[in-house]
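If you want the building blocks of each chain, they are given just below.
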Amino acid sequence: MTNFDDYLKEQLKDPELRAEYEALEPEFSLMQAMIDARRDTGLTQKQLSERTGISQSDISKFESGGGNPSLKTLRRLAAGLGMCVKIEFLPMTRA
(Lines give C-alpha, C1' and ligand atoms only; values in the text may rest on other atoms or scores of the structure.)
Protein backbone atom coordinates (compact mmCIF):
# COMPACT_ATOMS: atom_id res chain seq x y z
CA MET A 1 0.00 0.00 0.00
CA THR A 2 1.35 3.46 -0.90
CA ASN A 3 1.15 6.41 1.41
CA PHE A 4 -0.71 9.57 0.47
CA ASP A 5 2.42 11.50 -0.55
CA ASP A 6 3.36 8.81 -3.05
CA TYR A 7 -0.19 8.72 -4.38
CA LEU A 8 -0.30 12.50 -4.73
CA LYS A 9 3.06 12.59 -6.46
CA GLU A 10 1.82 10.05 -8.99
CA GLN A 11 -1.45 11.90 -9.58
CA LEU A 12 0.32 15.23 -10.07
CA LYS A 13 2.05 13.84 -13.13
CA ASP A 14 -1.20 14.64 -14.96
CA PRO A 15 -0.72 18.27 -16.14
CA GLU A 16 -4.42 19.10 -15.93
CA LEU A 17 -4.76 17.79 -12.39
CA ARG A 18 -1.50 19.52 -11.40
CA ALA A 19 -2.81 22.86 -12.67
CA GLU A 20 -6.02 22.51 -10.65
CA TYR A 21 -4.11 21.45 -7.55
CA GLU A 22 -1.71 24.39 -7.82
CA ALA A 23 -4.59 26.80 -8.38
CA LEU A 24 -5.90 25.82 -4.93
CA GLU A 25 -2.57 26.42 -3.17
CA PRO A 26 -3.51 29.89 -1.81
CA GLU A 27 -6.62 28.47 -0.14
CA PHE A 28 -4.66 25.54 1.31
CA SER A 29 -2.00 27.93 2.62
CA LEU A 30 -4.60 30.18 4.23
CA MET A 31 -6.33 27.25 5.90
CA GLN A 32 -3.04 25.91 7.25
CA ALA A 33 -1.94 29.36 8.45
CA MET A 34 -5.20 29.77 10.37
CA ILE A 35 -4.84 26.35 11.98
CA ASP A 36 -1.18 26.90 12.84
CA ALA A 37 -1.82 30.35 14.33
CA ARG A 38 -4.65 29.09 16.51
CA ARG A 39 -2.67 26.07 17.71
CA ASP A 40 0.46 28.18 18.33
CA THR A 41 -1.57 30.38 20.66
CA GLY A 42 -2.94 27.30 22.43
CA LEU A 43 -6.57 28.17 21.71
CA THR A 44 -9.37 25.82 20.81
CA GLN A 45 -11.86 26.77 18.14
CA LYS A 46 -14.40 27.38 20.91
CA GLN A 47 -12.06 29.74 22.76
CA LEU A 48 -11.31 31.65 19.54
CA SER A 49 -15.04 31.83 18.90
CA GLU A 50 -15.61 33.36 22.34
CA ARG A 51 -12.86 35.95 21.71
CA THR A 52 -14.06 36.96 18.25
CA GLY A 53 -17.82 36.46 18.25
CA ILE A 54 -17.41 34.22 15.19
CA SER A 55 -19.23 30.93 15.64
CA GLN A 56 -17.15 27.85 16.33
CA SER A 57 -18.84 26.13 13.41
CA ASP A 58 -17.73 28.94 11.06
CA ILE A 59 -14.16 28.72 12.35
CA SER A 60 -14.27 24.98 11.76
CA LYS A 61 -15.56 25.55 8.21
CA PHE A 62 -12.78 28.04 7.47
CA GLU A 63 -10.13 25.64 8.77
CA SER A 64 -11.47 22.74 6.72
CA GLY A 65 -11.87 24.72 3.51
CA GLY A 66 -15.65 24.84 3.65
CA GLY A 67 -15.87 28.59 3.98
CA ASN A 68 -14.59 31.69 2.29
CA PRO A 69 -13.79 34.24 5.01
CA SER A 70 -13.72 37.90 4.07
CA LEU A 71 -10.74 40.09 4.86
CA LYS A 72 -12.80 41.63 7.67
CA THR A 73 -13.36 38.16 9.16
CA LEU A 74 -9.68 37.27 8.81
CA ARG A 75 -8.83 40.47 10.69
CA ARG A 76 -11.25 39.54 13.49
CA LEU A 77 -9.72 36.07 13.72
CA ALA A 78 -6.20 37.48 13.75
CA ALA A 79 -7.10 40.03 16.44
CA GLY A 80 -8.57 37.22 18.56
CA LEU A 81 -5.22 35.48 18.27
CA GLY A 82 -3.25 38.62 19.11
CA MET A 83 -1.99 38.78 15.54
CA CYS A 84 -2.48 40.77 12.36
CA VAL A 85 -3.13 39.75 8.76
CA LYS A 86 -0.51 40.29 6.07
CA ILE A 87 -1.37 39.80 2.41
CA GLU A 88 1.24 39.85 -0.32
CA PHE A 89 1.14 39.90 -4.08
CA LEU A 90 4.00 37.85 -5.46
CA PRO A 91 5.17 37.22 -9.00
CA MET A 92 3.72 34.10 -10.54
CA THR A 93 6.19 31.29 -11.06
CA ARG A 94 6.04 28.97 -14.01
CA ALA A 95 7.33 25.43 -13.91
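A quick note: this is a predicted structure, and the numbers were derived from the prediction, not measured.

**Q** Hey, could you run me through the overall build of the protein chain in this one?
**A** When helices and strands are tallied, the protein chain shows six helices and zero strands. Written out in order from the N terminus, the α and β elements of the protein chain read α-α-α-α-α-α. Relative to its length of 95 residues, the protein chain is extended, with a C-alpha radius of gyration of 16 Å against a globular reference of 12 Å. The dimensions of the protein chain, computed from C-alpha atoms along their principal axes, are 45 × 35 × 20 Å. Within the protein chain, the fraction of its 95 residues that count as buried is 24%.

**Q** Explanation requested: a nonpolar patch on the surface in the structure shown.
**A** A surface patch of nonpolar side chains, about 330 Å² in accessible area, is lined by L17, Y21, L24 and F28. Within the secondary structure, L24 sits in the loop between α2 (15-23) and α3 (25-40). What makes L24 partly exposed here is its relative accessible area of 42%.

**Q** Any chance you could explain the pattern of salt bridges here in plain terms?
**A** Following the criterion strictly, the structure yields five salt bridges and no others. Where K61 meets D58, a salt bridge forms, and the shortest distance between an N and an O atom there is 3.9 Å. Taken together, the residues K61 and D58, both in helix α5 (residues 56-64) and three residues apart, mark about one turn of the helix. The partly exposed category is assigned to K61, whose relative accessible area is 41%. Note that E88 and K86 form a salt bridge whose closest N and O atoms lie 3.7 Å from each other.

**Q** Whenever I open this one, the packing of helix α4 (residues 45-52) against helix α6 (residues 71-80) confuses me. Can you help?
**A** A pair of packed helices is characterised by two quantities: the angle between their axes and the separation of those axes. Axis separation between α4 and α6 bottoms out at 9 Å; the angle between their running directions is 110°. Of the possible angle classes, the one that applies to α4 and α6 is roughly perpendicular. Contacts between α4 and α6 involve L48, R51 and T52 from the first element and R76, L77 and G80 from the second. Tallied by class, residues from the contact of α4 with α6 come to two nonpolar, two polar and two charged.

**Q** So what exactly am I meant to see when it comes to the packing of aromatic side chains here?
**A** For any pair of aromatic rings, the description rests on two quantities: the centre-to-centre distance and the angle between the ring planes. Applying the stated criterion across every chain, the model contains two aromatic pairs. Taking 6.5 Å as the distance between ring centres and 40° as the angle between the ring planes, the aromatic pair formed by F4 and Y7 counts as tilted. Of the two residues, F4 and Y7 both sit in helix α1 (residues 4-11), three residues apart, roughly one turn of that helix. You can call F4 exposed: its relative accessible area is 57%. With relative accessibility at 46%, the residue Y7 sits in the partly exposed group. Ring centres of Y21 and F28 lie 5.9 Å apart, and the angle between their planes is 50°; on these two criteria the pair is classed as tilted. F28 sits in the partly exposed class, given a relative accessible area of 36%.

Calculation rules
Residues numbered from 1 in each chain as written. Predicted model: local features only at pLDDT ≥ 70, side-chain atom pairs only at ≥ 80, totals over all residues. Heavy atoms only, no water. Helix = DSSP H or I, 4+ residues; strand = E, 2+ residues; numbered from the N terminus. Rg over C-alpha atoms; globule rule 2.2 N^0.38 Å. Buried < 20%, exposed > 50% of the residue type's maximum accessible area, 1.4 Å probe, protein only. Patch = residues over 30% accessible without salt bridge, like charges linked within 9 Å, V, L, I, M, F, W, Y side chains within 5 Å. Areas by Shrake-Rupley, 256 points an atom, 1.4 Å probe, with all protein chains shown as cover. Salt bridge = Lys/Arg side-chain N within 4 Å of Asp/Glu carboxyl O. Axes fitted to C-alpha atoms, helices over the stretch in contact; angles between N-to-C directions. Parallel < 35°, antiparallel > 145°, perpendicular 65-115°, else oblique. Contact = heavy atoms within 4.5 Å. Nonpolar A, V, L, I, M, F, W, Y, C, P; charged D, E, K, R; others polar. Phe/Tyr/Trp six-rings, centres within 6.5 Å; stacked < 30°, edge-to-face > 60°.

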